[in-house]
Amino acid sequence: MTDTTYVSARAGTRSTGQRLGRIALRAGLYAVLILFALWYLMPLFVMLTTSLKSLEEIRTGSLVALPREITFDAWKTAWSGACSGIKCEGLRPYLWNSVLIAVPGVALSTLIGALNGYVFAQWNFRGANLLFALLLFGCFIPFQVVLLPMARMLGILGIAGTIPGLILVHTVYGLGFTTLFFRNYYVTIPHELVRAAKIDGAGFFRIFWSIFLPLSLPIIVVTVIWQFTQIWNDFLFGVSFSQSGTQPVTVALNNIVNSTTGVKEYNVDMAAAILAALPTLLVYVVAGKYFIRGLTAGSVKG
């Protein structure tokens, strides 16, 4: 064997070993990711299978076993017949309440946050940095701290215990986050674009509606997903500032789970929990990739 042949053989062996090493590393990585996915999906699997079982099968079977006979009676009860206190209406009216709260709350907080971010990013004024710092500070105030002043304010405005009151609460509390999102996105837009628009005679709102808002689709998606999830999953504000007839779905779910009389209907509780969480799950499944794109869209420019 010549030296050239020997070197070629050694190089081929080394290349094969490196390729096998990469394959093994990738297989190990996928195995770990699959294990983590199964671990995090296990509660959802248990909830779904339990909701499709009868009470007799739940008592006599295994927690993680597939249903021997699929039944949707628990889902029907959770939707329109489960009792929360003295009312047995299921989750249906409370889901509608959450829609009435979430849609205007998301729209208002997104629009106002976009205007705030536009001002902080492109229109310098005295005290802008201090005001922006105060808004950021508001993002980290715990919910419990604002309950009393918020309740006082709702009472003064005469909208305590109403759906408009809850819309106002979520809009105000979400402004810190929405302003932060839009401000960080808008600083990536060149100031020369604003100067050129001013030279052409465009004013404050004209520049916002015609230039900035059409460019804001990625961050709008992020803000809508963030705010919708926060508002829909909120329990503390819902239980504190609502009353009978205006309660969101999270409060109704808590009442259904904790006001059972007689036999504990675990299948109904699981079906109700899935129904309450279904809108946010669908939002992340449909728009999750756009959420990641939008978060990274404003990170190119420091």
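J.: Explanation requested: the packing of helix H5 (residues 128–139) against helix H7 (residues 163–186) in the structure shown.
T.: For any two helices packed against each other, the geometry comes down to the angle between their axes and how far apart the axes lie. Axis separation between H5 and H7 bottoms out at 8 Å; the angle between their running directions is 125°. Relative to H7, H5 is oriented oblique. The handedness of the crossing between H5 and H7 is left-handed. Within the contact between the two elements, H5 uses Phe-132, Leu-135, Leu-136 and Cys-139 and H7 uses Tyr-173, Gly-176, Phe-177, Thr-179, Leu-180 and Arg-183. Looking at the contact of H5 with H7 residue by residue, the class counts come to 7 nonpolar, 2 polar and 1 charged.

J.: Just to check I follow, could you spell out helix H9 (residues 204–212) for this structure?
T.: Because an α-helix completes one turn every 3.6 residues, residues spaced three or four positions apart along the sequence face the same direction. Regarding H9, the residues found buried are Ile-207, Phe-208 and Phe-212. All buried residues of H9 lie within an arc of 100° about the axis, which places them on one face of the element. Exposed side of H9, more than 90 degrees from the buried face: Phe-205 and Arg-206 are the residues found there. The elements touched by buried residues of H9 are helix H4 (92–122), H7 and helix H8 (191–199).

J.: I'm lost on the nonpolar core in this one. Help?
T.: Looking at soluble globular proteins, one finds that nonpolar side chains tend to be buried together. Residues Leu-91, Phe-237, Phe-241 and Val-249 are the most contacted members of the largest nonpolar core, which totals 36 residues. Secondary-structure elements contributing two or more residues to this core are helix H3 (73–80), H4, helix H6 (143–157), H7, helix H10 (217–232), helix H11 (236–241), helix H12 (249–258) and helix H13 (266–297). The biggest single contributor to this core is H13, with 7 residues. Taken domain by domain, this core gets at least three of its residues from each of domain 1 (2–78) and domain 2 (81–300).

J.: Hey, could you run me through the packing of aromatic side chains in this one?
T.: Geometry of an aromatic ring pair is reported as the spacing of the ring centres plus the angle between the planes. Per the counting criterion, the structure on display carries 19 aromatic pairs. Aromatic ring contacts, followed pair by pair, group Tyr-118, Trp-123, Phe-182, Tyr-185, Tyr-186, Phe-204, Phe-205, Phe-208, Trp-209 and Phe-212 into a single cluster. Lying over the aromatic face of Trp-123, Lys-198 brings its terminal NZ or CZ to 4.2 Å of the ring centre.

J.: Looking at this structure, I do not really get the environment of Ser-98. What am I missing?
T.: Within the fold, Ser-98 resides in helix H4. Residues Ser-98 and Ile-58, spaced 40 residues apart in sequence, show a C-alpha to C-alpha distance of 31 Å. Those residues in contact with Ser-98 that sit more than four places away from it in its chain are Trp-232, Pro-248 and Val-249.

The rules behind these values
- Residues numbered from 1 in each chain as written.
- Predicted model: local features only at pLDDT ≥ 70, side-chain atom pairs only at ≥ 80, totals over all residues.
- Heavy atoms only, no water.
- Axes fitted to C-alpha atoms, helices over the stretch in contact; angles between N-to-C directions.
- Helix = DSSP H or I, 4+ residues; strand = E, 2+ residues; numbered from the N terminus.
- Parallel < 35°, antiparallel > 145°, perpendicular 65-115°, else oblique.
- Left-handed = near helix turned anticlockwise from the far one by under 90°.
- Contact = heavy atoms within 4.5 Å.
- Nonpolar A, V, L, I, M, F, W, Y, C, P; charged D, E, K, R; others polar.
- Buried < 20%, exposed > 50% of the residue type's maximum accessible area, 1.4 Å probe, protein only.
- Arc of directions from axis to C-beta.
- Core = buried A, V, L, I, M, F, W, Y, C linked by side-chain atoms within 4.5 Å.
- Domains from an automatic or database assignment.
- Phe/Tyr/Trp six-rings, centres within 6.5 Å; stacked < 30°, edge-to-face > 60°.
- Lys NZ or Arg CZ within 6 Å of the ring centre and 35° of its normal.

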